Amino acid sequence: MWASGTQSFAAYYTGRYDEADARAAAAVDRAPNHPQAIRLLVNGRARALGKLSDRHQAERAIGQALELSDRHDVAPGLTSCISFLPYGRARTLANALTARVALQNTGHVLRDAEDLDDLVEKSDSVWSRSLVRLDVATAVLQQQAPDVEHAMFLGQQAITLASPLPISSVRQRSRDLYERAAPWRSRPAVREYGEQLQVWGRQLPPAEAG
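**Student:** I'd like to hear about the overall build of the protein chain, residue by residue, with values.
**Tutor:** Counting its secondary structure elements, the protein chain contains 11 helices and zero strands. Walking the protein chain from its N terminus toward its C terminus, one meets helices and strands in the order α-α-α-α-α-α-α-α-α-α-α. Relative to the 2.2 N^0.38 estimate, which gives 17 Å for 210 residues, the radius of gyration of the protein chain is 17 Å and therefore close to what a compact globule would have. Here the C-alpha coordinates of the protein chain stretch approximately 50 × 40 × 35 Å along the principal axes. Here the protein chain, with 210 residues, has 48% of them falling under the buried criterion. Within the protein chain, residue pairs in contact and separated by at least 24 positions form 63% of the contacts whose partners lie at least 6 positions apart. For the protein chain, the accessible surface area stands at approximately 10200 Å², while carbon and sulfur atoms represent 52% of it. Of the side-chain charges in the protein chain, 25 are positive and 24 negative, and the distance between the mean point of each set is 4 Å.

**Student:** Tell me about the packing of helix H2 (residues 17-30) against helix H3 (residues 36-51), and name the residues and values.
**Tutor:** Between H2 and H3, the shortest axis-to-axis distance is 8 Å and the interhelical angle comes to 155°. Classified by the angle their axes make, H2 and H3 are roughly antiparallel. Crossing of H2 over H3 shows left-handed handedness. Every residue of H3 that contacts H2 at Tyr17, Ala20, Asp21, Ala24, Ala25, Ala27 and Val28 is listed here: Ala37, Leu40, Leu41, Gly44, Arg45, Ala48, Leu49 and Lys51.

**Student:** Lay out unusual backbone geometry with the relevant residues and their values.
**Tutor:** The phi angle at Asp73 is positive, at roughly 50°, despite the residue not being glycine. One can find Asp73 in the loop between helix H4 (55-72) and helix H5 (89-102). The exposed category is assigned to Asp73, whose relative accessible area is 67%.

**Student:** Quick one: what's the story with the layout of surface pockets, residue by residue and with numbers?
**Tutor:** When its volume is computed, the largest pocket comes out at roughly 430 Å³. Surrounding the largest pocket, 25 residues form its lining, Phe9, Cys81, Arg91, Leu131 and Ile167 being those nearest its centre. Where the lining of the largest pocket is concerned, the elements lending two or more residues are helix H1 (2-12), H3, H5, helix H7 (126-142) and helix H9 (168-180). Considering every element that reaches the lining of the largest pocket, the biggest residue donor is H7, with five residues. Residues belonging to the lining of the largest pocket are distributed by class as follows: 11 nonpolar, nine polar and five charged. Each pocket or cavity is described by its volume, and for the second largest pocket that value is around 290 Å³. Lining the second largest pocket are 15 residues, with Lys51, Val101, Ala102, Thr138 and Asp176 positioned closest to its centre. Elements with a minimum of two residues in the lining of the second largest pocket: H5, H7 and H9. Per-class residue counts for the lining of the second largest pocket are six nonpolar, four polar and five charged.

Reading the values: the criteria
- Residues numbered from 1 in each chain as written.
- Predicted model: local features only at pLDDT ≥ 70, side-chain atom pairs only at ≥ 80, totals over all residues.
- Heavy atoms only, no water.
- Helix = DSSP H or I, 4+ residues; strand = E, 2+ residues; numbered from the N terminus.
- Rg over C-alpha atoms; globule rule 2.2 N^0.38 Å.
- Buried < 20%, exposed > 50% of the residue type's maximum accessible area, 1.4 Å probe, protein only.
- Contact = heavy atoms within 4.5 Å.
- Areas by Shrake-Rupley, 256 points an atom, 1.4 Å probe, with all protein chains shown as cover.
- Lys, Arg positive; Asp, Glu negative; His and termini not counted.
- Charge placed at Lys NZ, Arg CZ, Asp CG, Glu CD.
- Axes fitted to C-alpha atoms, helices over the stretch in contact; angles between N-to-C directions.
- Parallel < 35°, antiparallel > 145°, perpendicular 65-115°, else oblique.
- Left-handed = near helix turned anticlockwise from the far one by under 90°.
- 1 Å grid on protein atoms, 1.4 Å probe; cavity = no way out; pocket = protein on both sides within 12 Å on 5 of 7 lines; lining within 4 Å.
- Points joined across faces, edges and corners; volume = space filled by probe spheres on them.
- Nonpolar A, V, L, I, M, F, W, Y, C, P; charged D, E, K, R; others polar.

Following this line, the structure appears as structure tokens:
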């Protein structure tokens, strides 16, 4: 089940969202009550379904993951995303944020991010802190009244946190945020973020820069 979750993760980050969902769903079907199913449901299924704009199934997967979390009395914190141990509740909610950002469920994202803030900031993982900031920054741009300056401030924080060894998910989401900010490219905050993103990209080792 762990290996299937990792295959689903790889498919997700190469844009093969149908495959990411299918791999995770097949693994869950084999052992739907196993604690590893939490990761498969929220990291594998919900995030891919969010990208596929399937709101109903994405929310169903999130609900199932949280129900399993309660049943297995998982740790409350932001556990490692690749651990063999069950996802902690905060890790599950952080993945749910990503799914809901894709679904543009902005209000839910911002409320959950506020609830998670203390656990995220206490996490040893700078990558997790960076990724949550990028998700929140994207949600801030999706609001009915976008706060462009705050979104770019969060984006710059995310880049600084992830340096000098960013993982592929940080690189991708930081670029996605800049693309999302395209309507406001004339604003100084967006220009500054874009310049920081370019400098950061040039500083990465060749294997990381691609």
